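Each chain, letter by letter, is given below.
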Amino acid sequence: MGSSLSKSKAANTRRQSSFVRHSSTTTAAAAATTAAPAKLAQTDDSVKRAEKKRGTFTAAIDQGTTSSRFLIFDGSGMPKASHQVEFEQLYPHSGWIEHDPYELLKSVNLCIERAAEQFQEKGYCLEDIKAIGITNQRETTIVWDTETGQPLHNAIVWPDTRTSRLVHELRKREGADKLPELCGLPLSTYPSSVKLLWMLRHVPAVAAAHKAGRLSFGTVDTWLLYNLTGGVGKGRYVTDPSNASRTMFCNIRTLEYDDFLLDWFGVRGVNLPEIVPSSDPDAYGVLAEGALKGTRIAGCLGDQSAALVGQCAFSPGMAKNTYGTGCFLLYNTGHEPVISKNGLLTTVGYAFKGQKPVYALEGSIAVAGSAVKFLRDNLGMIKHSHEIGELASNVPDSGGVVFVTAFSGLFAPYWIDDALGTIFGMTQFTTKNHIARATIEAICFQTRAILDAMERDSGTALHALCVDGGMSNSDVCLEIDRPQMRETTALGAAIAAGFAVDVWKEFDELKGINRNDRSTFWPKTTEASREKLYTNWQRAVERSKGWLNNDRVDDDGE
């Protein structure tokens, strides 16, 4: 193993106790700020400060699959300023999805600047932002030259399926059956490991950097942290356990890189980021430039773990479901990992400094909001995403139409790599209203399958489910508990940062966070009708298998 990886292992050994050692009281450093806009300028600084709205605030970078955001929250968890920027989705071949790493960074920096301006314009002080948290799309893989900091390939995004043939090859390799027990994840096109392995095989610049010992690997959190804190020679090269647990390189119990896993995937010599607690006052550094230069970054969580924290699901048995580009259901299992026997993933919920890690069972659905985008952009059935609910509510049912939205295969609990999107049951009676309803029902049926698997793994039925994400705005989707303020992923990252700098010290202090005006939904159909529809869904899933041809141009090279 390369020296850089050895250093990372040594750092992890020193770091291991930080997950369980009680942290000392920490006061956030005062942040350097840019000059206020001209219309807020005052000749007397004391008068200016007296007129401003003072308080304690935390902020969050929310780097998602289709857009980046920056939000500033008050102590009650309500956003006071925010900005969002969409960025280009790159589709070089069917099934391939990429992002430009610099576009991700550019979008985040722009969001920070615009939200900071908005915050000041509302009369608040930038210096009252005590800490920033980061939450990010998970598994998406970025590699760069350690010496120059230059990316060596576009980011390969989490639902990308170019590794399908590679995954089939790896499943036949000796030791493949040991992987879920070690890292919590089965082999699929989903995790970072197979994306990195694909680049090592097919991108000459990546292979050359690996041979020269200057290949740096990271998920999106690592790439952002490295650049936001100074880049080459200065930036922090770290990740947190909730992101590291999605790479297949991290032991799910020790939260350290595992020798067997590194050897099995053949990634010795790749530079890997140090794994540090999800909430830590010192591990992540400070912003190196911009309006919030000097502001401490104190929290980091993968997006689904951040939503778990943002929903305050801190007790075993609590669960959340995020209806975003994909759909991700996390069920808190407490301080010990539960290895699923029913097609679910074992993941890290969060690991705050001074506390034992909290684990979760996860059910991942690859296509949720992206199916609505497909109806909008590819088929032209709607002009705006929010219209999907109106279309679906125009009919009492789907008219027998079943839409298996397997654009990236099927994730949990099925793990069918060779399924493709298929529509069954169409007749001359079928309208776009029926297809819209079938699209929403596909998400609901997959959620049902995950909940059934969770009940079998945990031995406990789930009685309430907290939700967030863009698709949770659709009442047609829901039989659950929905908060009025649905930016819970960003809120979770802000909470992690706030805990690190003593904005909050105990989870009990968060009982009132985002609890007002919540909506609870109950089933409006009979159990018999639901079972009939679900049986049809299961038949459709079986018939969607085997459509992907692994001989096509999806993993043979550029």
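Residues numbered from 1 in each chain as written. Predicted model: local features only at pLDDT ≥ 70, side-chain atom pairs only at ≥ 80, totals over all residues. Heavy atoms only, no water.

Colleague: Quick rundown of the side chain of lysine 195? Include the residues and the values.
Modeller: By the element assignment, lysine 195 lies in helix H6 (residues 192-202). The side chain of lysine 195 is buried and forms no salt bridge, while aspartate 160, the nearest opposite charge, is found at 6.3 Å. Reaching out from lysine 195, the side chain makes a polar contact with the backbone oxygen of threonine 189 at a distance of 2.8 Å. Not counting chain neighbours up to four residues away, the residues in contact with lysine 195 comprise Glu139, Thr141, Ile156, Val157, Trp158, Asp160, Thr163, Thr189 and Tyr190. (Helix = DSSP H or I, 4+ residues; strand = E, 2+ residues; numbered from the N terminus. Buried < 20%, exposed > 50% of the residue type's maximum accessible area, 1.4 Å probe, protein only. Lys, Arg positive; Asp, Glu negative; His and termini not counted. Salt bridge = Lys/Arg side-chain N within 4 Å of Asp/Glu carboxyl O. Polar contact = N/O pair within 3.5 Å; in protein donor to acceptor, adjacent residues only side chain to side chain. Contact = heavy atoms within 4.5 Å.)

Colleague: Lay out unusual backbone geometry with the relevant residues and their values.
Modeller: Alanine 412 connects to proline 413 through a cis peptide bond whose omega is -5°. Relative to the helices and strands, proline 413 is located in the loop between strand E16 (402-404) and strand E17 (422-424). Look at glutamate 139: it is not a glycine, yet its phi comes out positive at around 65°. Mapped onto the elements of the fold, glutamate 139 is located in the loop between strand E5 (129-136) and strand E6 (141-145). A positive phi is found at methionine 248, a non-glycine position, where the angle reads about 75°. For methionine 248, the location among the structural elements is in the loop between helix H9 (241-244) and helix H10 (259-265).

Colleague: Lay out the packing of helix H14 (residues 432-458) against helix H16 (residues 527-543) with the relevant residues and their values.
Modeller: When two helices pack together, you describe them by how their axes are tilted relative to each other and by the distance separating the axes. Packing of H14 against H16 brings their axes to within 10 Å, and their N-to-C directions diverge by 95°. Judged by the angle between their axes, H14 and H16 are roughly perpendicular. Along the contact surface, H14 presents Ala442, Phe445, Gln446, Arg448, Ala449 and Asp452, while H16 presents Glu531, Leu533, Tyr534 and Trp537. The residue inventory of the contact of H14 with H16, partitioned by class, reads six nonpolar, one polar and three charged. (Axes fitted to C-alpha atoms, helices over the stretch in contact; angles between N-to-C directions. Parallel < 35°, antiparallel > 145°, perpendicular 65-115°, else oblique. Nonpolar A, V, L, I, M, F, W, Y, C, P; charged D, E, K, R; others polar.)

Colleague: Account for the packing of aromatic side chains, naming residues and giving values.
Modeller: With the rule as written, the count across this model stands at 28 aromatic pairs. Ring plane angle 35° and centroid distance 4.6 Å describe the contact between tyrosine 190 and phenylalanine 411, whose orientation is recorded as tilted. Note that tyrosine 190 is positioned in the loop between helix H5 (179-183) and H6 and phenylalanine 411 in the loop between E16 and E17, a separation of 221 residues in sequence. With respect to class, tyrosine 190 is no different from phenylalanine 411; both count as buried. Three or more aromatic residues link up through ring pairs in this structure, and these residues are Tyr102, Trp144, Trp223, Tyr226 and Tyr237. When the ring centre of phenylalanine 328 is taken as origin, the NZ or CZ atom of arginine 138, which lies over that ring, is 5.5 Å away. (Phe/Tyr/Trp six-rings, centres within 6.5 Å; stacked < 30°, edge-to-face > 60°. Lys NZ or Arg CZ within 6 Å of the ring centre and 35° of its normal.)

Colleague: Can you break down helix H15 (residues 488-500) residue by residue, with the values?
Modeller: Given a rise of 1.5 Å per residue, 13 residues ought to cover 18 Å, and the 18 Å separating the end C-alpha atoms of H15 matches this to within 8%. Across the 13 residues of H15, 13 count as buried, placing the element largely inside the fold. Count one or two residues on from H15 and you reach aspartate 502, which has phi positive near 65°. (Expected span 1.5 Å × (residues − 1).)

Colleague: Summarise the packing of helix H4 (residues 164-171) against H6; cite the residues concerned and give the values.
Modeller: Axis separation between H4 and H6 bottoms out at 10 Å; the angle between their running directions is 105°. Accordingly, the angle class assigned to the pair H4 and H6 is roughly perpendicular. Counted together, Leu166, Val167, Glu169 and Leu170 of H4 and Val194, Leu197, Trp198 and Arg201 of H6 form the full contact between these two elements. In terms of residue class, the contact of H4 with H6 is built from six nonpolar, no polar and two charged.

Colleague: Lay out the nonpolar core in plain terms, naming residues and giving numbers.
Modeller: Core analysis: the biggest nonpolar cluster contains 67 residues, and Leu170, Leu187, Leu196, Phe249, Phe265 and Val267 have the highest contact counts within it. When residues of this core are assigned to their parent elements, the largest contribution, six residues, is made by H6. Beyond its immediate chain neighbours, meaning those up to four positions away, valine 267 contacts Leu196, Leu200, Phe249 and Leu262. Listed in part, the 39 residues of the second largest apolar core include Phe70, Leu104, Ala116 and Leu228. (Core = buried A, V, L, I, M, F, W, Y, C linked by side-chain atoms within 4.5 Å.)

Colleague: Outline the pattern of salt bridges, listing residues and values.
Modeller: Taken as a whole and judged by the stated rule, the model has 25 salt bridges. Across the salt bridge formed by aspartate 74 and lysine 80, the nearest N and O atoms sit 3.7 Å from each other. In this structure aspartate 74 comes out as buried when scored by relative accessible area, which is 14%. Among the residues examined, lysine 80 registers a relative accessible area of 27% and is labelled partly exposed. Notably, a salt bridge pairs aspartate 303 with arginine 138, separated by 3.3 Å at the nearest N-O pair. With aspartate 303 in helix H11 (residues 303-310) and arginine 138 in the loop between E5 and E6, this pair connects stretches of sequence that are 165 residues apart. By the burial criterion, aspartate 303 is buried, and arginine 138 matches it. Salt bridges linked by common partners bring Arg138, Glu139, Arg246, Asp303 and Glu362 together as one network.

Colleague: Talk me through the sheet that holds E5; I want residue IDs and the actual numbers.
Modeller: Read from one edge of the open sheet, five strands run E3-E2-E1-E5-E11, paired in mixed fashion. The sheet is open, and its two edges are formed by strand E3 (79-86) and strand E11 (297-302), each paired on a single side. In this sheet, neighbouring strand axes are inclined to one another by 15° on average, regardless of whether the strands run parallel or antiparallel. Where strand E1 (residues 57-63) and E5 come together, seven bridges link them in parallel fashion. Looking across to E5, one finds that phenylalanine 57 is bridged to isoleucine 129. Along the sheet face, helix H8 (residues 220-228) touches E1, E5 and E11 and points at about 140° away from the line of E5. Each of E5 and E11 is contacted by H11, which is oriented at about 110° to E11, the strand it contacts most. (Pairing = 2+ DSSP bridges.)

Colleague: I'd love a proper account of the side chain of asparagine 271, names of residues and values included.
Modeller: One can find asparagine 271 in the loop between H10 and strand E10 (274-275). Engagement of the side chain of asparagine 271 in a polar contact is seen with the side chain of threonine 146, the distance being 2.8 Å.

Colleague: Outline the confidence of the model for the chain, supporting the account with residue identities and numerical values.
Modeller: Taken residue by residue, the chain gives an average pLDDT of 84. The fraction at 70 or more is 82%. Contacts for the low-pLDDT stretch residues 1-17, under 50 throughout, to residues beyond four places or in other chains number 31 contacts. This stretch, residues 475-483, has a pLDDT under 50; its non-local contacts, to residues over four places away or in other chains, come to 43 contacts. (pLDDT = per-residue confidence, 0-100.)

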